[in-house]
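Below are the chains, spelled out letter by letter.
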Amino acid sequence: MEPADASAAATSPTSAVPADMPAANGDMGGPQCGRGLGLVPERLQKREQERLLEVERRKQERQNQTVEEEKSDYFAAAFAREREAVERLLECAEPARLNEAASRLQALQKLLNDAVLYLAPYDVRLGQETLARLQGTLAERRQELQPKKRFAFKSRRKDAVSPSPSAAAAAPPPPPQQPPSESLLPVAVPVPSGFGFSNLESQILQMQAEELHQRDILLTGLTDCTIRLYGNPNTLRLTKARGCTVLCGPVSTSVFLDDCVGCVLAVACQQLRTHSTRDTRIFLQVTSRAIVEDCSGVQFAPYSWSYPGIDQDFEGSGLDRSKNNWREVDDFNWLARGVASPNWSILPESEWIMQWD
């Protein structure tokens, strides 16, 4: 029986497979292949983790967007409601109604300031334009309440020299008037007392607290002038200024700059808007975010002007003196995120002015 067993062993299938051939079950059997198969679960786990992180990130973005949309909707409704209330108050030029309108305008400005962080730039711009329009209407209504000056001496003089009808008929016609020579033309036209200055050159100008209090101040057409405003105006507008220095106490609402070149300003306000201005330094305290539009070479530094009584003016203005966003500037002509606007910059600290007088 031994020969038969030997023959069976010789014809066994397993004995016919070489030792270095892979097994029939597909196991490659080599040590390198084992390591490769071991990496597959790790890669799958890493991909799964990345996928879960991406899902969580998108979920968080959707939640943030929903919150911002809810905030924007609340702001739009509240802003519209307050705007309509102010417009109704401005329909009639009565002192009590105008004072209430001014108070509600300040609240409306604060509402916009608080919403700047989550509103789109376009919405911020619309809100500020609405505020500017309402403030302009308020200034017009207050102007209507100002007593008109009566130049009685002119009428008396006219009555005194009026000729009788017969004398007027006999008198020869007066010679034609010659146009005034250029040297006699007025070169300075001050804005009515308490409201500002215009068309002046190389002058030192100033207004005191009683002239400024809650007034809308206009400075326009000034060249190489120094203007000191010791008090608390409601708004300040500076236009068509060249080489001027403007030092102003706390402004309750807005400051507007337009078409200014080579100027220096020190101003505290709720809102600053700068348009078509270049090569100008602004020492600023602002509770919202400053805005520049169509500007170049505008530099910012913190507000540093002071004068006796400025603390009382800050209290009367309603400004939060502890809040200053002088570094926070929105450029409506530069919407690239993460890239600084070339149209404005921070003034180097070595050039900050601390003593103005």
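These figures come from a predicted structure and were not determined experimentally. (Residues numbered from 1 in each chain as written. Predicted model: local features only at pLDDT ≥ 70, side-chain atom pairs only at ≥ 80, totals over all residues. Heavy atoms only, no water.)

### Details of the confidence of the model for the chain
Point 1. Mean pLDDT over the chain: 77, with 73% of residues reaching 70 or higher.
Point 2. Here residues 1-29 scores under 50 on pLDDT; set against residues more than four positions off or in separate chains, the count is four contacts.
Point 3. The low-confidence segment residues 174-194, where pLDDT is below 50, has 18 contacts with residues more than four positions distant or belonging to other chains. (pLDDT = per-residue confidence, 0-100. Contact = heavy atoms within 4.5 Å.)

### Quick word on the pairing of strand S5 (residues 235-242)
Point 1. Relative to S5, strand S3 (residues 216-220) runs parallel, the two being bridged by five bridges. The residue of S5 that forms the bridge with threonine 220 is threonine 239.
Point 2. Bridging between S5 and strand S7 (residues 254-261) involves six bridges; their strand directions are parallel. Along S7, the bridge assignment pairs arginine 237 with phenylalanine 256. (Pairing = 2+ DSSP bridges. Helix = DSSP H or I, 4+ residues; strand = E, 2+ residues; numbered from the N terminus.)

### Quick look at the nonpolar core
Point 1. Ranked by internal contacts, the top residues of the largest apolar core, which has 37 residues, are Leu219, Ile227, Leu229, Leu236, Leu272, Leu284 and Phe300.
Point 2. When residues no more than four places from it in sequence are discounted, the contact partners of leucine 219 are Gly196, Phe197, Ile227, Leu229, Leu236, Arg237, Leu238, Thr239 and Val246.
Point 3. Formed by 20 residues, the second largest nonpolar core is a distinct cluster that contains Leu89, Leu90, Leu119 and Ile291. (Core = buried A, V, L, I, M, F, W, Y, C linked by side-chain atoms within 4.5 Å. Buried < 20%, exposed > 50% of the residue type's maximum accessible area, 1.4 Å probe, protein only.)

### Some details on helix H4 (residues 95-115)
Point 1. The end-to-end C-alpha separation of H4 is 30 Å, in line with the 30 Å expected for 21 residues at 1.5 Å each.
Point 2. Burial in H4 covers these residues: Leu98, Ala101, Ala102, Leu105, Leu108, Gln109, Leu112, Asn113 and Ala115. The buried residues of H4 occupy an angular sector of 160 degrees when projected down its axis, which confines them to one face. Pointing more than 90 degrees away from the buried face of H4 are the exposed residues Ala96 and Asn99. (Expected span 1.5 Å × (residues − 1). Arc of directions from axis to C-beta.)

### Side note on the pattern of salt bridges
Pairing is possible between side chains that carry opposite charge, provided their charged atoms lie close to one another.
Point 1. Applying the stated criterion across every chain yields a total of 14 salt bridges.
Point 2. Linking arginine 242 and aspartate 259 is a salt bridge whose minimum nitrogen-to-oxygen distance equals 3.0 Å. Separated by 17 residues along the polypeptide, arginine 242 in strand S5 and aspartate 259 in strand S7 bring together distant segments of the chain.
Point 3. Across the pair arginine 273 and glutamate 293 runs a salt bridge, and its minimum N-O distance is 3.0 Å. Residue arginine 273 is found in strand S9 (residues 271-275), and its partner glutamate 293 is found in strand S11 (residues 290-293); the two are separated by 20 residues along the sequence. Residue arginine 273 shares its accessibility class with glutamate 293, and that shared class is buried.
Point 4. What emerges from the salt-bridge pattern is a single network uniting Arg83, Glu84, Glu87 and Arg133. (Salt bridge = Lys/Arg side-chain N within 4 Å of Asp/Glu carboxyl O.)

### Describing the environment of phenylalanine 332
Point 1. Along the chain, phenylalanine 332 turns up in the loop between strand S13 (329-331) and strand S14 (344-346).
Point 2. In this structure phenylalanine 332 comes out as buried when scored by relative accessible area, which is 13%.
Point 3. Distance in space between the C-alpha atoms of phenylalanine 332 and glutamate 293 is 5.3 Å, their sequence separation being 39 residues.

### Here's the deal with the side chain of asparagine 234
Point 1. Along the chain, asparagine 234 falls in the loop between strand S4 (226-229) and S5.
Point 2. Of the residues examined, asparagine 234 reaches a relative accessible area of 3% and is grouped as buried.
Point 3. Apart from the residues lying within four places of it in its own chain, the contact partners of asparagine 234 are Leu138, Arg142, Gln214, Arg215, Asp216, Val251, Ser252, Thr253 and Ser254.

### Considerations on the packing of H4 against helix H5 (residues 121-145)
Two quantities define a packed helix pair, namely the angle between the helix axes and the distance between the axes.
Point 1. At a minimum axis separation of 11 Å, H4 and H5 run at an interaxial angle of 165 degrees. Regarding the angle of H4 to H5, the classification is roughly antiparallel. Remark: the crossing between H4 and H5 carries left-handed chirality. Contacts between H4 and H5 involve Pro95, Leu98, Asn99, Ala102, Leu105, Leu108, Gln109 and Leu112 from the first element and Val124, Gly127, Gln128, Leu131, Leu134, Gln135, Leu138, Arg141, Arg142 and Leu145 from the second.
Point 2. The class makeup of the residues in the contact of H4 with H5 is eleven nonpolar, five polar and two charged. (Axes fitted to C-alpha atoms, helices over the stretch in contact; angles between N-to-C directions. Parallel < 35°, antiparallel > 145°, perpendicular 65-115°, else oblique. Left-handed = near helix turned anticlockwise from the far one by under 90°. Nonpolar A, V, L, I, M, F, W, Y, C, P; charged D, E, K, R; others polar.)

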